[in-house]
Amino acid sequence: MQGMLEGRKAVVTGGSRGIGAAIVELFARNGAELFFCHLGDEERADRLVRRIAGSGPDASHMACDVSDEAAVARMLDTATGRLGQVDILVNCAGIGGETAFTDMTVAAWDRMIAVHLRGTFLVTHGVFAGMLARGDGRIINIASQLAYKGSPGLAHYCAAKAGIVGFTRALSLEGAPRGVLVNAIAPGPVETELLAGLSAEWHEMKRREMPLRRFGRVEEIAPTALLLASDAGSFYVGQTLSPNGGDVMI
Ligand code: NAD
């Protein structure tokens, strides 16, 4: 897969590591100019920019908490200053955190919803009008297979991800008639730092459920984002695609 995004300008939230970094790398190899944000992951973001230098147009990054309205406005100002415009947005920033529901604090609930749902809203809101005005754009929201399947200890996470699936469907109906395609990806479990933070019991339970008897790799998720961002994805509207290794309802 090469050259599928020549001349396109992309913003990826949560692009410094994990699934977001794999998307940044694959988009860069396909000719997109990249701007990504992260939460305090400067060194890793610098390393990623150095790694992809030479494989495509420039990439740049900045720290930005996607749940912070003013910070998102600053980040998008900087991004459009660098890129000129945003043709593709990938909302990938996310956090984990496992808590039995009886122990779940209001603060933990609010933070989970803020990073995933408010963050997706804020960044999308900042680029959507421009895309509509140009009659062209792609928005790809990273949900999770757990939006459908649920998981013990992750009620807040599953609720946030299910919200992203609904948000994607609704927004796609406003975007599609005017050339802006909005879709989501719901990965199954993928080996990243987010997953590393979950308990040994969770990992054991999950691995037993996986028909492939393994978790995914970030490189197995990024191609779905490339499909949805490129001309090859021109007939996808409001869909949530699930590269999940068969991790379906039990
Ligand atoms: P990760 O921990 O490796 O990376 C998370 C990224 O998000 C980092 O770049 C981090 O800096 C950034 N981030 C975290 N909080 C942020 C905030 N408030 N503002 C801006 N950036 C922030 O995690 P990952 O596994 O690569 O997860 C990426 C996305 O994929 C998340 O939305 C996650 O929920 C989703 N997802 C992950 C899995 C999995 O199994 N790993 C499965 C399904 C969905």
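Within every chain, residues take consecutive numbers counted from 1 along the sequence as written. Whole-chain, interface and lining totals are the exception, using all residues; otherwise, since this is a predicted model, local features are given only for residues with pLDDT of at least 70 and side-chain atom pairs are given and counted only at 80 or more.

Going by the annotation in an unreviewed UniProt entry, the name recorded for the protein is 3-oxoacyl-ACP reductase FabG, with Lichenicoccus roseus given as the source organism. UniProt positions are given in the numbering used here, feature names are shortened, and annotations may be inferred rather than shown by experiment. Listed under Sequence similarities (unreviewed entry) in UniProt, the entry text for the protein is "Belongs to the short-chain dehydrogenases/reductases (SDR) family."

Participant: Describe the overall build of the protein, and please don't skip the residues or the numbers.
Facilitator: For the purposes of this entry, the term helix denotes a DSSP run of H or I that reaches at least four residues, the term strand denotes a run of E that reaches at least two, and both are numbered from the N terminus. Of the regular secondary structure elements, the protein holds nine helices and seven strands. Within these notes, the globule rule equals 2.2 Å times the number of residues to the 0.38 power, and the radius of gyration is based on C-alpha atoms. By the compact-globule yardstick of 18 Å for 250 residues, the protein fits well, its C-alpha radius of gyration being 17 Å. The dimensions of the protein, computed from C-alpha atoms along their principal axes, are 45 × 35 × 35 Å. At a minimum sequence separation of 6, the contacts of the protein that also span at least 24 residues come to 77%. Each residue gets a C-beta atom placed from its backbone, and two residues are in contact if those atoms lie within 7 Å.

Participant: Which residues make up helix H1 (residues 18-29), and what are the values?
Facilitator: Expected span of a helix, by definition, is 1.5 Å for each gap between consecutive residues, and there is one gap fewer than residues. With 12 residues, H1 extends 17 Å between its outermost C-alpha atoms, agreeing within 8% with the 16 Å of an ideal straight helix rising 1.5 Å per residue. For every residue, the other C-beta atoms within 10 Å of its own C-beta are counted; 20 or more classify it as buried, 12 or fewer as exposed, and values in between as partly exposed. C-beta atoms are placed from the backbone. Within H1, 10 of the 12 residues are buried, which leaves the element mostly enclosed by the surrounding structure. All buried positions along H1 are accounted for by Ile-19, Gly-20, Ala-21, Ala-22, Ile-23, Val-24, Glu-25, Leu-26, Phe-27 and Ala-28. Where H1 terminates, the next one or two residues include Gly-31, which has phi positive at roughly 95 degrees.

Participant: Describe the sheet that holds strand S4 (residues 88-91), naming the residues involved and giving the relevant values.
Facilitator: In spatial order, the strands read S3-S2-S1-S4-S5-S6-S7; together these seven strands make up an open sheet with parallel pairing. The open sheet is flanked by strand S3 (59-63) and strand S7 (240-241), the only strands paired with a single partner. Of the pairings in the sheet, the one linking strand S5 (residues 137-142) to strand S6 (residues 180-185) comprises six bridges and is parallel in character. In the strand pairing of S6, Asn-141 is matched with Ala-184. Helix H3 (residues 69-83) contacts strand S1 (9-13), strand S2 (33-38) and S3 of the sheet and is inclined by roughly 165 degrees relative to S2. Axes here mean lines fitted to C-alpha atoms, for a helix over just the part in contact, with angles spanning 0 to 180 degrees between N-to-C directions. Contacts between helix H6 (residues 155-175) and the sheet are confined to S5, S6 and S7, with S6 contributing the most and set at about 165 degrees to the helix. In this description, strands pair whenever DSSP reports at least two bridges between them.

Participant: Could you give me a rundown of the site of the ligand, with the residues and numbers involved?
Facilitator: Around the ligand, the structure places 30 residues, and the nearest of them are Gly-14, Gly-18, Gly-94, Thr-192 and Leu-194. When contributions to the shell around the ligand are tallied by element, the ones reaching two or more residues are H1, S2 and helix H7 (193-196). Under this grouping Gly is polar, as are all residues other than the nonpolar Ala, Val, Leu, Ile, Met, Phe, Trp, Tyr, Cys and Pro and the charged Asp, Glu, Lys and Arg. When its residues are assigned to classes, the shell around the ligand shows 15 nonpolar, 11 polar and four charged. Near, as applied to residues and a molecule or strand, means the residue's backbone-placed C-beta atom lies within 6 Å of it.

Participant: Outline the confidence of the model for the protein, supporting the account with residue identities and numerical values.
Facilitator: Caution is warranted with low-pLDDT regions, since their predicted coordinates should not be read in detail. Taken as a whole, the protein shows an average pLDDT of 96; of its residues, 99% reach a score of 70 or greater. On a range of 0 to 100, pLDDT expresses the predictor's confidence in each residue. Looking across the protein, the model is least confident in helix H8 (residues 200-209), with a mean pLDDT of 90, and most confident in S4, with 99.

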